[in-house]
Amino acid sequence: MITKLEIANQALRELKVNAIQSLESNEAVANIVSESIDWSIRSVLTDKNWSYSTKSFVLSPSVENTDTTGNYTYTFELPSDVDHILKVLDEAFDLVPEYELSGTLIHSNLKKLVINYVSFDSELTNISHTIASLISLHLAKSLCFRLTENADLKASLDQRYQVELSSASAKDARQKPLQKYMTESTSEFLSAHSGYGSI
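Quick caveat, the model's predicted, so the values are computed rather than measured.

Cut-off values and rules
- Residues numbered from 1 in each chain as written.
- Predicted model: local features only at pLDDT ≥ 70, side-chain atom pairs only at ≥ 80, totals over all residues.
- Heavy atoms only, no water.
- Buried < 20%, exposed > 50% of the residue type's maximum accessible area, 1.4 Å probe, protein only.
- Helix = DSSP H or I, 4+ residues; strand = E, 2+ residues; numbered from the N terminus.
- Axes fitted to C-alpha atoms, helices over the stretch in contact; angles between N-to-C directions.
- Parallel < 35°, antiparallel > 145°, perpendicular 65-115°, else oblique.
- Left-handed = near helix turned anticlockwise from the far one by under 90°.
- Contact = heavy atoms within 4.5 Å.
- Phe/Tyr/Trp six-rings, centres within 6.5 Å; stacked < 30°, edge-to-face > 60°.
- Lys NZ or Arg CZ within 6 Å of the ring centre and 35° of its normal.
- Polar contact = N/O pair within 3.5 Å; in protein donor to acceptor, adjacent residues only side chain to side chain.

### Observations concerning unusual backbone geometry
With the exception of glycine, most residues fall at negative phi, and the peptide bonds are largely trans.
Next, step 1: A positive phi angle, close to 65°, is found at Phe93, a residue other than glycine.
Next, step 2: Using a relative accessible area of 38% as the deciding quantity, one classes Phe93 as partly exposed.
Next, step 3: For Asn126, which is not glycine, the phi dihedral falls at a positive 55°.
Next, step 4: Within the secondary structure, Asn126 is located in the loop between strand 6 (113–119) and helix 3 (129–148).

Take a look at the structure:
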């Protein structure tokens, strides 16, 4: 598993700054990196709809929250790791045309919702080397002037980041499935027809 410390030290190598032993160290460089690394992680993970940070989740109605406006029958609580929602679907995976977001809640007249959303995972569980390298580069360009005062290096890192971001995004898009396939376990129609003609 790739750690935050490994990402931080890769960023420091880009800046030709000595590696740190821990993000919790009292050293000046460690403190600066520690202040910035979570922001770089979130910036990269939510900048594109990466396969890594895109999730789906089935919502059930909340028993504690309601729609105070009276416009919707059901209220759902969003997962704690939601950065932004991409799609709101019904049980048949069709787009829901009418719903309302209110902070960490979503209101609808449907009893069950499926959301497709971008998550932020600051713990970097099972993150790919490609995205980890992007985070390192983002962190390096963010800290460059503060740690080196080298404007030319900052400009170079900015340019490299944009090039590698585009390349990684294209690679990620090629790895995504073209469509969500329906199976007998998720389709009443297919389940019914699998037993057609049997007694």
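From this point, things continue past the structure.
### With respect to the packing of helix 1 (residues 4–14) against helix 3
Geometrically, a packed helix pair is captured by the angle between its two axes and the distance between the axes.
Next, step 1: Orientation of helix 1 relative to helix 3, taken along the N-to-C sense of each, is 50°, at an axis distance of 8 Å. Overall, the two elements helix 1 and helix 3 adopt an arrangement that is oblique. Considering how the two elements wind past one another, helix 1 and helix 3 form a crossing that is right-handed. For the pair helix 1 and helix 3, contact is made by Ile7, Ala8, Gln10, Ala11, Leu12 and Glu14 and by Ala132, Ile135, Ser136, Leu137, Leu139, Ala140 and Leu147, respectively.

### Concerning the packing of aromatic side chains
Next, step 1: Applying the stated rule across the entire model yields zero aromatic pairs.
Next, step 2: Over the face of the ring belonging to Tyr161 we find Lys141, whose NZ or CZ atom lies 5.1 Å from the ring centre.

### Examining the environment of Ser56
Next, step 1: Looking at where Ser56 falls in the secondary structure, it is placed in strand 1 (residues 54–59).
Next, step 2: On the basis of relative accessibility, which here comes to 48%, the residue Ser56 falls in the partly exposed class.
Next, step 3: Separated by 30 residues in sequence, Ser56 and Leu86 have C-alpha atoms that sit 9.7 Å apart.
Next, step 4: Sequence-distant contacts of Ser56, that is, excluding residues within four places in its chain, are made with Ile115 and Asn116.
Next, step 5: At a separation of 3.2 Å, a polar atom in the side chain of Ser56 contacts the side chain of Asn116.

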